[in-house]
Amino acid sequence: MSAELGPADVTLRGRFEREHERRYTHVPFEVPPGVRQIHLRYAYSDAIGHDPSLVGGNTVDLGLFDQRGTAPGSPGFRGWSGSDKTEITVDEAWATPPYRGGPLGAGTWHALLGPYKVGPRGCDWTVELWFHAGVVSPERRPTSASRPPPAFRSTARDGWLRGDLHCHSIYSDGDSEPPEMLGAAMQAGLEFLGVTDHNTVAHHAAYGSGGAPLPVVLPGIEVTTYGGHWNAHGTERWHEFREPDADSVGRAMRAAMDEGAFVTVNHPKPLGPEWLYGELPCHAIEVWNGPWLHLNAVSLAWWDDRLRRGERLVAVGGSDTHHLRRTDPTPRHAQAPGRPTTWLRAARDAASVLGALRGGSAFVSASPRGPQLYLDPEAGRPGQVRVEVRGAAGAALLLLSDEGCTAAAPIVADEWDAAFDVPARARYLRAEVVDGAGSVLALANPVWAEAV
Ligand SMILES: [Zn+2]
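Values in this document were obtained by computation on a predicted structure and should not be read as measured data. (Residues numbered from 1 in each chain as written. Predicted model: local features only at pLDDT ≥ 70, side-chain atom pairs only at ≥ 80, totals over all residues. Heavy atoms only, no water.)

Peer 1: How would you explain the coordination of the zinc ion if you had to name every residue and give the values?
Peer 2: Within the first shell, the zinc ion binds the protein through Glu-222 (OE), His-229 (ND1) and His-267 (NE2), at distances of 1.9 to 2.3 Å. The class for Glu-222 is buried, based on a relative accessible area of 1%. (Donors = N, O, S within 2.8 Å, 3.2 Å for Na, K, Ca; no water. Buried < 20%, exposed > 50% of the residue type's maximum accessible area, 1.4 Å probe, protein only.)

This is the structure:
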């Protein structure tokens, strides 16, 4: 594509120093009247990947605002692609995902540049713009979700659904079209899918609403800031991500909650990337992101700590699947929807799933095949809970309260259940299924003392 572009109409240059790291800058440029397509290419010195384990060079993120301005919530936000794409096209009729096509107004536009990492030699950057390049919309490979779902979906308790709350498509740094991701989730046996591309809602139209035999789609966004990521489920708009301080991030999360979104702090663990804003109000913590052994014990401990101090936060899981077509060179994420899986009792529609998440009767398991871990107040026996475990013979059950581990038992059968007393002063009781090495195979949200 680049070879045919010819000289740029506008070239912008600048430099980031170390002190600019993780601070967005808005670079203005003038779009003349009558423009029907804008092509943007950017480059910078000492480029390295965005993975938080890579250091010593530069990573610069890109976004775009049109003439309607850069204010929080502005309708002029045309998209954000992180460092995933070095060239984008925004045309009246189409755009490079996740950017939005549509009319191109004359006036001052802004390229949003975010120096996520600035290395020791600083970062020299260039943005080139073409206003009449005539780039043709690339062909997108068709995808199909036509194979029937697998047969094991009926093994959950009646009325329980399984799903994944975190995945990425070509609308951010994933490699698959939304229908392909939805089809993969169906093949995995999932009944709902939270779709959470970074700093965009442009993927929602491509996903549609799902529904049997496909998973129900929970529209959402992964708000991606330089001090941590949070998911808003059940939202149709972009949320402010540019100011990486706790006050701004807390305000944006609060606004999302006030509008009815279900808000989760994502992967609060080293290399998650981690969460640097402390204990901001939210509904849930993603205590399990990708393979368990990728430091999820740190996220679990943080959730547990907040629970013990009385915060009623829901534990959820998300695979953070990015790649269905190629192998991830840095496999921090599961590349399979449903690893882990979040299970909850709900009807098969987005509103019901969001309601069940808010209610917090959910558990998280390693995969859509389980193990299943149901924790309920014992009917007719005040002060007791009943635990039912399916598919974990040979593992162990741990019961934990704000006072620590209160009971442990071997799980001796594939379909196993038992009743336990809630200790007198415990404020809640929660459950984990662990293997012989202590890895978590499933974990259930707490039953609070007033419910038993
Ligand atoms: Zn994330």
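Peer 1: Outline the domain arrangement of the protein chain, supporting the account with residue identities and numerical values.
Peer 2: Here the protein chain is partitioned into domain 1 (2-130), domain 2 (156-370) and domain 3 (373-441 + 448-452). The centre of domain 1, based on its C-alpha atoms, is set 51 Å off from the matching centre of domain 3. (Domains from an automatic or database assignment.)

Peer 1: Describe the sheet that holds strand β5 (residues 77-82), listing the residues and the values that go with them.
Peer 2: Spatially, 4 strands are ordered β2-β7-β4-β5 in an open sheet, and the strand pairing comes out antiparallel. Two strands bound the open sheet, and with one partner strand each, they are β2 (25-31) and β5. Here the strands of the sheet are splayed against their neighbours by 20 degrees on average, with no regard to which way each runs. Pairing analysis gives 4 bridges linking strand β4 (residues 59-65) to β5, with the strands arranged antiparallel. Looking at the pairing, Phe-65 lines up with Phe-77 of β5. (Pairing = 2+ DSSP bridges. Helix = DSSP H or I, 4+ residues; strand = E, 2+ residues; numbered from the N terminus. Axes fitted to C-alpha atoms, helices over the stretch in contact; angles between N-to-C directions.)

Peer 1: Requested: an account of the nonpolar core, with residues and values cited.
Peer 2: Judged by nonpolar contacts, the single largest core of 41 residues is most densely connected at Trp-230, Met-253, Trp-275 and Leu-443. Apart from the residues lying within four places of it in its own chain, the contact partners of Trp-275 are Gly-227, Gly-228, His-229, Trp-230, Val-249, Met-253, Val-265, Pro-268, Leu-280 and Trp-302. With 28 residues, the next largest nonpolar core counts Phe-363, Ile-411, Ala-418 and Val-433 among its residues. (Core = buried A, V, L, I, M, F, W, Y, C linked by side-chain atoms within 4.5 Å. Contact = heavy atoms within 4.5 Å.)

Peer 1: Explain the environment of Gly-290 to me, using residue names and the numbers behind them.
Peer 2: Position of Gly-290 relative to the elements: it lies in the loop between β14 (284-289) and α4 (296-308). As a C-alpha pair, Gly-290 and Gly-56 span 234 residues in sequence and 26 Å in three-dimensional space.

Peer 1: So what's going on with the sheet that holds strand β6 (residues 87-91)? Which residues, and what values?
Peer 2: Read across the sheet, 4 strands follow the order β1-β8-β3-β6 without closing on themselves; strand pairing throughout is antiparallel. Sheet topology places β1 (10-16) and β6 at the edges, where each strand pairs with a single neighbour. Averaged over all neighbouring strand pairs, the angle between strand axes comes to 15 degrees, with direction disregarded. Pairing of strand β3 (residues 37-44) with β6 involves 5 bridges; the strand directions are antiparallel. From the neighbouring strand, His-39 faces β6, where its bridge partner is Thr-89.

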